[in-house]
Every structure is written in structure tokens, then in C-alpha cells.
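Listed here are the chains, written in short residue letters.
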Amino acid sequence: MQNPPEVGELTPPDRTLMGPGPSPVHPRVLRSMSTPLVGHLDPAFVDIMDETQDLLRYAFRTENEWTLPVSGTGSAAMEAAIGNLVEPGDTMLVPTNGYFGGRMAEMARRAGGEVVHVDAPWGEPLDPVDVQAAFDAHQPDLFGFVHAETSTGVRQPQVSELTRIAHSHDALVVADTVTSLGGVELRVDDWNIDAAYAGPQKCLSCPPGASPLTLNDDAMDKVLSRETPARSWYLDLSLLEGYWGDERAYHHTAPVTNVYALREALRLVAEEGIKERWARHRRVAGALKSGVEAMGLELNPEDDYWLPSLNAVRVPDGVTDAAVIDFLRDHYDLEIAGGLGDLSGEIFRIGCMGHGAREKNVAFLLTALADALDSLGANVDPTGGLDAARDSL
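All of the points below concern the structure found in this document. Because the structure is predicted, anything quoted here is derived from the model rather than measured. (Residues numbered from 1 in each chain as written. Predicted model: local features only at pLDDT ≥ 70, side-chain atom pairs only at ≥ 80, totals over all residues. Heavy atoms only, no water.)

### Details of the overall build of the protein
Step number 1: Looking only at helices and strands, the protein features 13 helices and 14 strands.
Step number 2: Taking 21 Å as the expected radius of gyration for a compact globule of 393 residues, we find that the protein reaches 21 Å, a close match to that expectation.
Step number 3: With the principal axes as the frame, the protein shows a C-alpha extent of 60 × 60 × 50 Å.
Step number 4: The proportion of buried residues among the 393 residues of the protein is 59%.
Step number 5: Within the protein, contacts between residues at least 6 apart in sequence are counted, and of these 73% link residues at least 24 apart.
Step number 6: Total accessible area on the protein stands at roughly 16,300 Å², and carbon and sulfur atoms take up 47% of it. (Helix = DSSP H or I, 4+ residues; strand = E, 2+ residues; numbered from the N terminus. Rg over C-alpha atoms; globule rule 2.2 N^0.38 Å. Buried < 20%, exposed > 50% of the residue type's maximum accessible area, 1.4 Å probe, protein only. Contact = heavy atoms within 4.5 Å. Areas by Shrake-Rupley, 256 points an atom, 1.4 Å probe, with all protein chains shown as cover.)

### A closer look at a nonpolar patch on the surface
Step number 1: A cluster of nonpolar side chains, namely Trp233, Tyr234 and Leu239, defines an oily patch on the protein surface of about 310 Å² accessible area.
Step number 2: Here Leu239 lies in helix α8 (residues 237–244). (Patch = residues over 30% accessible without salt bridge, like charges linked within 9 Å, V, L, I, M, F, W, Y side chains within 5 Å. Salt bridge = Lys/Arg side-chain N within 4 Å of Asp/Glu carboxyl O.)

### So, helix α2 (residues 43–60)
Working note: α-helix, 3.6 residues per turn, so residues spaced by three or four point in the same direction.
Step number 1: An ideal rise of 1.5 Å per residue puts 26 Å on 18 residues; α2 measures up with 26 Å between its terminal C-alpha atoms.
Step number 2: Buried within α2 are the following residues: Phe45, Val46, Ile48, Met49, Thr52, Gln53, Leu55, Leu56, Arg57, Ala59 and Phe60.
Step number 3: Summarising the contacts, the buried residues of α2 are in contact with β2 (66–72), β9 (195–197), β10 (209–215), α8, α9 (256–272) and α10 (274–294).
Step number 4: Of the residues flanking the start of α2, the one acting as N-cap is Asp42, its side-chain oxygen 2.7 Å from the backbone nitrogen of Ala44.
Step number 5: Arg61 occupies a position one or two residues after α2 and carries a positive phi of about 55 degrees. (Expected span 1.5 Å × (residues − 1). Polar contact = N/O pair within 3.5 Å; in protein donor to acceptor, adjacent residues only side chain to side chain.)

### What about a negative patch on the surface?
Step number 1: Where like charges cluster on the molecular surface, the negative patch consists of Glu65, Asp217, Asp218, Asp221 and Asp246.
Step number 2: Here Asp221 is to be found in helix α7 (residues 217–224).
Step number 3: The class of Asp221 is partly exposed, set by a relative accessible area of 47%. (Lys, Arg positive; Asp, Glu negative; His and termini not counted. Charge placed at Lys NZ, Arg CZ, Asp CG, Glu CD.)

### Focus on the packing of aromatic side chains
Step number 1: Summed over all chains, the structure comprises six aromatic pairs.
Step number 2: Here Phe135 and Phe143 contribute two aromatic rings whose centre-to-centre distance is 5.7 Å and whose plane-to-plane angle is 75 degrees, an arrangement assigned as edge-to-face.
Step number 3: Judged by centre distance (5.9 Å) and plane angle (25 degrees), the rings of Phe143 and Phe145 are stacked. The pair formed by Phe143 and Phe145 is uniform in burial state, with each residue classed as buried.
Step number 4: An aromatic cluster of at least three residues, connected via ring pairs, comprises Phe135, Phe143 and Phe145.
Step number 5: The ring of Trp306 has Lys289 sitting right over it, with the charged end atom 5.8 Å from the ring centre. (Phe/Tyr/Trp six-rings, centres within 6.5 Å; stacked < 30°, edge-to-face > 60°. Lys NZ or Arg CZ within 6 Å of the ring centre and 35° of its normal.)

Encoded structure:
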């Protein structure tokens, strides 16, 4: 017989996480995951489900009844939204200005939809004029956009104008809020977004595993009136509604510990106040932005659509992104990431999210980054970053 594998005690490195996610987890969230497990239909857990849904509505700024955590990572919530709202033969309009617009397109195709595009360069937001032209040309049934594009560091402004255009053509709007929920101003109801999904591991500083999703009545009506079932049984919202709705009927075994964690992460949001949390991210990330600019580094997006939670910093002359990323990990146990797709090798992606959006993390990042760039021979001034950050704060 095969001998048992010799595996030692779990000792992952103690990294400071300042990449595009996951972000550092708050100690209270970690403690919540060590509390006793109960059954996913236990009356005590049903109360926890209710509380988690109420807290999610607060963070999304919505009154939507259909607000729940999907069992899985943020991509599961994304696929639940798109896979349920796109029926075979539907047309979905998606953006070309980032990696996650491309993922929307792939999911829509797999759901049987036809995909059309509204074009914008990577690193720029969608222009409402171009969105209007795309609607006039294609008359899509759904419109998807990325509110906070993790691949480019771009925040989509003028959301209400985009949703107005879509609704004037009787299209539903699906918003990717993975890197904005809990960190960047987001108002699902006021902005007339029909469905929005997010990941817990970004601005909520929660481990992945239970991912926020909200749908208004119009979106849920489309889900419940489908002519054919959604292709995924596990993510079929018409079935999940039975578990997360009033009935609380068995569908699958929910990730109880992940729901505990999400509930505690959302409790932290509520205690801080959502508007205060938005302001903290902008203030602390603003110090990070001032610091890297004082070194002579450039941010990829313009100030008008800069995304505080994810800073896309141009790689300077004289170094490669991989060398700097490796230096920070090996010498400082600090994680940042490089670019994706069209921006691969062109940018660093530096997160300033949730529990990571703190002054001490920014000071540590700027110190470590200055050392890395100086040691590797980058053409920058490594000395002024901390002073500029302090002035900003």
C-alpha cells in the first residue's frame, strides 16, 4: 500500500497583501471563521442569513429583496448574474476596455447569448456617446459594464447616464462591482442598476467563498420567466431563491463559515459607515497616489476616473514589472501584481482595499517600492514618496 504523504503543519508566509486581491483580512473576520459550525438549515443559521442579507443591502445601497451571497468566489456571482439573465438568443452589449469586460463576453456566449461590443481603449472608461451608438446599432437585451476595472485601475463615471440609455432601449443593466463594493461610491438603486455582483476579497477584506449579488424585481422577473432553465443547476437563481428567499428550502450545503466571515466583514462596513468608508479609501489611496507620483511614476488612468481601490502604476524605464514584484515579495513579504491583457508588462496593480487601506500600509509600500526601484536601477526619484504621502494625509 502507498505510504501516507508526509505533510507538515500549515505555515503560509505572512504577506502584506497590496495587490488586486485578496486584501488583508480583518482579525475580527478571521476570528468569526473559528466559531462553531452549525447546519445550513439550522434556525440559528437562518437568522445569520437574514442579517447577512440586510448588511449586503446596506453596502450595495439597495432595497432589493433579491440580495444574497452566492456560494463561491466572485466569478461565481458573476456567472450567476450573467448565466441567469442571458437566455439563448439574447444579445448582450459588453465593453472592450478591460480584462473583465472580456470575461463578461465569454460567460454570455456560454449562456447562449450573442455578444456585441461598445469599444473603448484599455485604461479609459466608456463614453456614453459610444454606448448610445452601440445601442442604436445593436438593440441589445442586456448591457454589462465594469464599475471598477481591476485590470486597468479605471472607475466608470456617469453610471446613471449609462443605465438611462440602456433602459430607454428596454435593456437590463448588469454591473461588475467586484473592486468597488465597500470601497468606492456605489449606489445600486439611485443609479438604476438592475443586477450587480461583487467579490468579498477586495474592499470587504473577507476571504473568498461567499460572493455578493443583488437583483431588482425587473431582473428577477426575467430569471423566473425564462423559457429554458439556466444552464448551471448550482447557480440557478430560480432554485437559489428557494433557499435565500422566504421558504429557506434546501438547495445545496452553503459555505457556513464563509457566510460567517462575510457577515462580520459587512458588520465592519456598517460600523464604520459606508460613506465614511468610501472617504477613507479615497484619502488613503490619495496618499499612495501622491507618493508614487512624487517618485516620478505615472498612473495609468486620468484623475477623473482614477480608481482608489486599485492603482494602476506605469512601470518605469530601467526595470521590468516581474523583477520589482519578485523583489518586493522576496525582501519585504509584500504582494503587488502586474498587468493583464493589453497592459501586461506595462503596469503595476497596487491595491488599497478594505483593511489594507491604512496609512501604515501605504508608508510600508512606498518605502519598499522605493528600495526595489532604486536597487534595480529604475529611472525614478525614490526619495520623495513618503513626504508626499504625509503631505497628502
